[in-house]
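Coordinate inspection notes
Listed here are the chains, written in short residue letters.
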Amino acid sequence: MQRALAYFAAFTITGFLFAGTLLLAAVVLGSSSPGTGGASPTPATQPTGPLGTIEVHAFDLGFDPKAVAVSAPGEYAVTFVNDGGVLHDLTFADGTVLSAEAGKQASGTVTIPEAGLAFICSVPGHADSGMQGSVTVDAAHGSHDPAASASASPSMTAQQMLEHDAARTGAFPAETQGKGNVVLEPTILDDGTKRWELTASVFQWETEPGVFVEAWGYNGMVPGPQLRAEVGDHVQIVLHNELPAPTTIHSHGLVVPNDMDGVPVINQPAVMPGE
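Since this is a predicted model, take the numbers as computed values, not measurements. (Residues numbered from 1 in each chain as written. Predicted model: local features only at pLDDT ≥ 70, side-chain atom pairs only at ≥ 80, totals over all residues. Heavy atoms only, no water.)

1. Describing the overall build of the protein
- Summing up its helical and strand segments, the protein has three helices and 13 strands in all.
- Taken over 275 residues, the protein has a buried fraction of 21%.
- Summing over all exposed atoms, the protein offers an accessible surface of approximately 18500 Å²; the carbon and sulfur share of this is 60%. (Helix = DSSP H or I, 4+ residues; strand = E, 2+ residues; numbered from the N terminus. Buried < 20%, exposed > 50% of the residue type's maximum accessible area, 1.4 Å probe, protein only. Areas by Shrake-Rupley, 256 points an atom, 1.4 Å probe, with all protein chains shown as cover.)

2. A few points about unusual backbone geometry
- The residue after aspartate 64, namely proline 65, is reached through a cis peptide bond having omega -5°.
- At the junction of valine 222 and proline 223, the peptide bond is cis and its omega measures out at -10° in the coordinates.
- Assignment of secondary structure puts proline 223 in the loop between β12 (211-218) and β13 (235-241).
- Of note in the backbone geometry, asparagine 219 takes a positive phi value of approximately 55° without being a glycine.

3. So, the sheet that holds strand β6 (residues 97-100)
- Spatially, the five strands line up as an open sheet ordered β3-β9-β8-β5-β6, and their pairing is mixed. Because the sheet does not close on itself, it has two edges, and the strands there are β3 (67-70) and β6. Averaged over all adjacent pairs, the angle separating strand axes in this sheet is 15°, with direction ignored.
- Pairing of strand β5 (residues 88-92) with strand β8 (residues 117-120), which is carried by two bridges, proceeds in the antiparallel orientation. For threonine 91, the partnering residue across the bridge sits in β8 and is isoleucine 120. (Pairing = 2+ DSSP bridges. Axes fitted to C-alpha atoms, helices over the stretch in contact; angles between N-to-C directions.)

4. Section: the pattern of salt bridges
- The tally for this structure, following the rule as stated, stands at three salt bridges.
- Arginine 168 serves as the salt-bridge partner of glutamate 208, at 2.8 Å between the closest nitrogen and oxygen. Of this pair, glutamate 208 sits in strand β11 (residues 194-208) while arginine 168 sits in helix α3 (residues 158-170), placing them 40 residues apart in sequence.
- The class for glutamate 208 is partly exposed, based on a relative accessible area of 21%.
- Residue arginine 168 is classed as partly exposed on the basis of its relative accessible area, which comes to 43%. (Salt bridge = Lys/Arg side-chain N within 4 Å of Asp/Glu carboxyl O.)

5. Re the confidence of the model for the protein
- Of all residues in the protein, 77% have pLDDT values of 70 or greater, and the mean over the chain is 83.
- Looking across the protein, the model is least confident in helix α2 (residues 146-152), with a mean pLDDT of 38, and most confident in strand β10 (residues 187-188), with 98.
- Contacts of residues 22-28 to residues separated by more than four positions or lying in other chains number zero contacts, the stretch itself having pLDDT below 50. (pLDDT = per-residue confidence, 0-100. Contact = heavy atoms within 4.5 Å.)

6. Digging into the nonpolar core
- If you look at the biggest cluster of nonpolar residues, it comprises 21 residues, and the most contacted ones within it are Ile54, Phe63, Leu90, Phe92, Ile112, Phe119 and Val135.
- For this core, the secondary-structure elements that each account for two or more residues are β1 (53-59), β3, β4 (74-82), β5, β6, β7 (105-112) and β8.
- Every residue in contact with leucine 90, bar those within four places of it in the chain, is listed here: Val56, Phe63, Val78, Phe80, Thr96, Val97, Leu98, Phe119 and Ile120. (Core = buried A, V, L, I, M, F, W, Y, C linked by side-chain atoms within 4.5 Å.)

7. Observations regarding the environment of alanine 215
- Looking at the secondary structure, you find alanine 215 in strand β12.
- When its relative accessible area of 6% is taken as the criterion, alanine 215 is described as buried.
- Residues alanine 215 and valine 202, spaced 13 residues apart in sequence, show a C-alpha to C-alpha distance of 5.6 Å.
- Among all residues touching alanine 215, those that are not within four sequence positions of it are Ser201, Val202, Phe203, Trp205 and Val222.

8. Points about the layout of surface pockets
- Considering only enclosed or pocket space, the largest pocket measures out at about 880 Å³ in volume.
- As for the largest pocket, its lining consists of 26 residues, and the residues nearest its centre are Val235, Ile237, Ser251, Leu254 and Val256.
- Within the residue set of the lining of the largest pocket, elements represented by two or more residues are β11 and β13.
- The leading source of residues in the lining of the largest pocket is β13, at five residues.
- Class assignment of the residues belonging to the lining of the largest pocket gives a composition of 17 nonpolar, five polar and four charged. (1 Å grid on protein atoms, 1.4 Å probe; cavity = no way out; pocket = protein on both sides within 12 Å on 5 of 7 lines; lining within 4 Å. Points joined across faces, edges and corners; volume = space filled by probe spheres on them. Nonpolar A, V, L, I, M, F, W, Y, C, P; charged D, E, K, R; others polar.)

This is the structure:
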């Protein structure tokens, strides 16, 4: 009898252990099955690399285009092409710089934030002369879908264009500070030579009431002064360079000695700043 009870107890315990093992396996397998709220599947690999390409051309003195739109913030490949005749660069406000000699190009990457990013040419005087631009984030205009761009672009009727142009043209001539094309009287030297002094400098030019730009010109005016002489006069022009860059004067329609023709390197040294 005792032996029978021992066999029964052993069999019962073994059965419970076997059942417990099956239950544990079911729980483990169930928790790892898809769709049961267990471990999440491995996330898909996110795409890497630039979102697109920005191409900007430089000329003397400007950018084309100067207003660039991209569809989303992020990293973009940049191609900078210098179509101008001198060194230019593309300097973004975040410090990214691409530089290229005349006729050359450079490439790199830039990260455009949600708020956009401005760019200039950092060569002294170039930004103030118009070499400025910006990249903006605009989902519609940054898209290459012509329909999306067309639907987001404002339009004017022919009559509205006519009225807009008439109103703009009618605002001029306007009263602004400074005068241009003013006759500059010469100093008459002892031998009868007419002598004019021209100063090339950077100054503020009011292009329309309340709107000022930085101008490079002669004697603080745009257009520069008139120099009036008669046929047969002997004239002398003295140039003072107060610009931050070398300069010369090249005369059109006048017969001058070759070493005064105003072409740096080829036939005349440039007048350096302060000279």
